[in-house]
Amino acid sequence: MFKLSDKFISNNSYTTNERKYEIYLDANESFIPLPNEIMEEMIDGFNAVSLNRYPDPMAAEVSEAFAKRYDIPLSNVVAGNGSDELISLLFATFMEPGENFATISPDFSMYEISGRNSHMNHISIEKNADFTIDVDRVITACRENDVKLLIFSNPCNPTSVGLSREKVLRLAAESGALVVADEAYMEFWDESVIDDIPDYENLLVLKTCSKAFGLAGIRLGFAIANEPLINAIKSIKSPYNVNSISQVLGKIILLHKNLTEQSIRDIISSREDVERELLELSAKTGAFKVINGVANFVTLVMDSPENFHGYLADCGIAVRLTSGLVRITAGTKEENESLLAAARKYFAKE
Ligand SMILES: *Cc1c(COP(=O)(O)O)cnc(C)c1O
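Residues numbered from 1 in each chain as written. Predicted model: local features only at pLDDT ≥ 70, side-chain atom pairs only at ≥ 80, totals over all residues. Heavy atoms only, no water.

Undergrad: Mind showing me how you'd approach the overall build of the protein here?
TA: Regarding its fold elements, the protein presents eleven helices and 13 strands. Computed over its C-alpha atoms, the radius of gyration of the protein comes to 20 Å, within 12% of the 20 Å expected for a compact globule of 350 residues. Considering only C-alpha atoms, the protein reaches an extent of 60 × 55 × 55 Å along its principal axes. Looking at the 350 residues of the protein, the share that counts as buried comes to 53%. Counting contacts in the protein only where the partners sit at least 6 residues apart, residues at least 24 apart contribute 72% of the total. As displayed, the protein offers around 16,500 Å² of accessible surface, 49% of which is attributable to carbon and sulfur atoms. Averaging the locations of the 33 positively and 51 negatively charged side chains of the protein gives two centres separated by 3 Å. (Helix = DSSP H or I, 4+ residues; strand = E, 2+ residues; numbered from the N terminus. Rg over C-alpha atoms; globule rule 2.2 N^0.38 Å. Buried < 20%, exposed > 50% of the residue type's maximum accessible area, 1.4 Å probe, protein only. Contact = heavy atoms within 4.5 Å. Areas by Shrake-Rupley, 256 points an atom, 1.4 Å probe, with all protein chains shown as cover. Lys, Arg positive; Asp, Glu negative; His and termini not counted. Charge placed at Lys NZ, Arg CZ, Asp CG, Glu CD.)

So this is what it looks like as structure tokens:
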């Protein structure tokens, strides 16, 4: 008789929102609509795609646009169907079943889910109580446990705390592991290690078009590393992993440096607004703490976060409850106002 694998018993799959809300501040997407100029180029790009043909297996043009934008060699880039695909490819490419991979918790839950689904052994290294990372502790844990792959987000989702470039490079130099820095939110900060890749044979960076570039819907991410690592991923990935439409739309967004940089500044400014107001409310009520962060969202620490999460849901506002933290994506002025009004009401009542 066919029997499902035991890995489904623990039911640890990623949870997504299934309810309908009026306001979505739960998935760290961009709130900025694409400018008309870009939309028009995209429509022309779409019209030129031959949908009866398979896409370019190497996604060369969009990868070139990426390499150009970040000023790195094309041979150091591979595109994926979102970074989520690349995360699972890392385990398939660089590890053998039963080997150890490490995360620094709390962090993006897909790392653990993906690693476990690939039959890897998970080592969880704790963050400090203030959600910063003790690099010495991580290095020791990696060495003691013979960790093959260390993966973390920087800035971190869900905490929004950043780890300096210098510290990431120490991890690469001393942990003995393949160090994967998931820089999904690095456009909102400035400590990328992408330019250090030539100096490290064990450093890999992940980037995505889903957050700062406002294209979560097209599922496009990139892995950046030295050529032997990139070639290994290329040899394992499925041939047509990035569809033709995403290749065309991704290329257009990446080449629009000025417009995207303006959007990034607007997103940061929105996050600063929400953060400032929440800090004020926190000082007034003492009911929660605001983590000092650097991404496009604000993360709160409080007792009974599920009550606040549920209250916001009843107000039609989706935020993310994860690792016991409440994560709120920066939104439009109106969305932020609705969120803040609901928060003020909730904490006044409490
Ligand atoms: C959102 C997010 C991703 C997902 O990227 P996709 O390219 O949309 O798959 C990856 N890593 C982190 C830390 C994220 O928050």
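Read on for the rest.
Undergrad: Looking at this structure, I do not really get helix 4 (residues 109-117). What am I missing?
TA: Because the α-helix completes a turn every 3.6 residues, residues three or four places apart line up on one side. Every buried residue of helix 4 is listed here: Met110, Tyr111, Ile113, Ser114 and Gly115. Its buried side turned inward, helix 4 meets helix 3 (82-94), strand 3 (100-105), strand 5 (147-153) and strand 6 (178-182). Phi for histidine 119, located one or two positions after helix 4, is positive at around 65 degrees.

Undergrad: In this structure, what is going on with the pattern of salt bridges? I would like to understand it.
TA: Oppositely charged side chains can pair when the atoms bearing their charge come close. Tallying each qualifying case throughout the model produces 16 salt bridges. Between glutamate 112 and arginine 116 there is a salt bridge, with its nearest N and O atoms 3.0 Å apart. One end of the pair is glutamate 112 and the other is arginine 116, both in helix 4 and four residues apart, which spans about a single turn. Among the charged side chains, a network of salt bridges with common partners joins Asp273, Arg276, Glu277 and Arg344. (Salt bridge = Lys/Arg side-chain N within 4 Å of Asp/Glu carboxyl O.)

Undergrad: Would you explain the pairing of strand 4 (residues 121-126) in this entry?
TA: For a regular strand, side-chain orientation follows a simple rule: the groups alternate between the two sheet faces. By the bridge criterion, six bridges tie strand 3 to strand 4 in an arrangement that is parallel. Residue threonine 103 lies in a different strand from strand 4, and its bridge partner there is serine 124. For the handedness criterion, the β-α-β arrangement of strand 3, helix 4 and strand 4 is classed as right-handed. (Pairing = 2+ DSSP bridges. Right-handed = clockwise from strand over helix to strand, strands pointing away.)

Undergrad: How should the environment of tyrosine 111 be read in this particular structure?
TA: Positionally, tyrosine 111 belongs in helix 4. Judged by relative accessible area, which is 0%, tyrosine 111 ranks as buried. Along the sequence, tyrosine 111 and phenylalanine 91 sit 20 residues apart, while their C-alpha atoms lie 9.5 Å from each other. The residues contacting tyrosine 111, other than those within four sequence positions of it, are Ile87, Phe91, Phe101, Thr103, Ile151, Phe152, Ser153 and Asp182.

Undergrad: In this structure, what is going on with the packing of helix 1 (residues 36-47) against helix 8 (residues 244-255)? I would like to understand it.
TA: In a packed pair of helices, the relevant descriptors are the angle between the two axes and the axis-to-axis distance. Two numbers describe how helix 1 lies on helix 8: the axes approach to 9 Å, and their chain directions differ by 150 degrees. One element, helix 1, and the other, helix 8, form an angle in the roughly antiparallel class. With respect to the hand of their crossing, helix 1 and helix 8 are arranged in right-handed fashion. Counted together, Ile38, Glu41, Met42, Gly45 and Phe46 of helix 1 and Ile245, Val248, Leu249, Ile252 and Ile253 of helix 8 form the full contact between these two elements. (Axes fitted to C-alpha atoms, helices over the stretch in contact; angles between N-to-C directions. Parallel < 35°, antiparallel > 145°, perpendicular 65-115°, else oblique. Left-handed = near helix turned anticlockwise from the far one by under 90°.)

Undergrad: Before we go on, may I ask you to explain the pairing of strand 8 (residues 221-224) in this structure?
TA: Residues Gly221 and Ala223 point to one face of strand 8 and Phe222 and Ile224 to the other, with burial holding for every one of them. When strand 2 (residues 77-80) meets strand 8, the two strands line up antiparallel, connected through four bridges. Opposite valine 78, over in strand 8, you have alanine 223 as the bridge partner.

Undergrad: I'm lost on the nonpolar core in this one. Help?
TA: The tendency in soluble globular proteins is for nonpolar side chains to be buried side by side. Core analysis: the biggest nonpolar cluster contains 50 residues, and Phe66, Leu150, Phe152, Leu171, Leu203 and Phe222 have the highest contact counts within it. In this structure, phenylalanine 222 is in contact with Val62, Ser63, Phe66, Val77, Val78, Ala79, Leu86, Val205, Leu206, Lys207, Cys209 and Leu254, ignoring residues within four places of it in sequence. Grouped together as the second largest cluster of nonpolar side chains are 25 residues, Leu89, Phe108, Tyr111 and Leu204 included. (Core = buried A, V, L, I, M, F, W, Y, C linked by side-chain atoms within 4.5 Å.)

Undergrad: Even after reading the chapter, I still don't get the site of the ligand, so can you show me in this structure?
TA: Near the ligand there are 14 residues, and of these Asp182, Tyr185, Thr208, Ser210 and Lys211 occur at the shortest range. Between the ligand and threonine 208, the relevant distance is 2.6 Å, taken from an oxygen atom to a side-chain nitrogen or oxygen of the residue. Within the side chain of serine 210, a nitrogen or oxygen atom sits 2.6 Å from an oxygen atom of the ligand. In terms of residue class, the shell around the ligand is built from four nonpolar, six polar and four charged. (Near = heavy atom within 4 Å. Polar contact = N/O pair within 3.5 Å; in protein donor to acceptor, adjacent residues only side chain to side chain. Nonpolar A, V, L, I, M, F, W, Y, C, P; charged D, E, K, R; others polar.)

Undergrad: Is there a simple way to think about the environment of lysine 211 in this case?
TA: Here lysine 211 lies in the loop between strand 7 (203-208) and strand 8. For lysine 211, a relative accessible area of 14% translates into the label buried. In this structure the C-alpha to C-alpha distance between lysine 211 and leucine 86, which are 125 residues apart in sequence, comes to 16 Å. Setting aside its immediate chain neighbours within four residues, lysine 211 contacts Ala27, Asn28, Ser30, Ala184, Tyr185 and Phe188. A polar atom in the side chain of lysine 211 sits 3.1 Å from the side chain of tyrosine 185.

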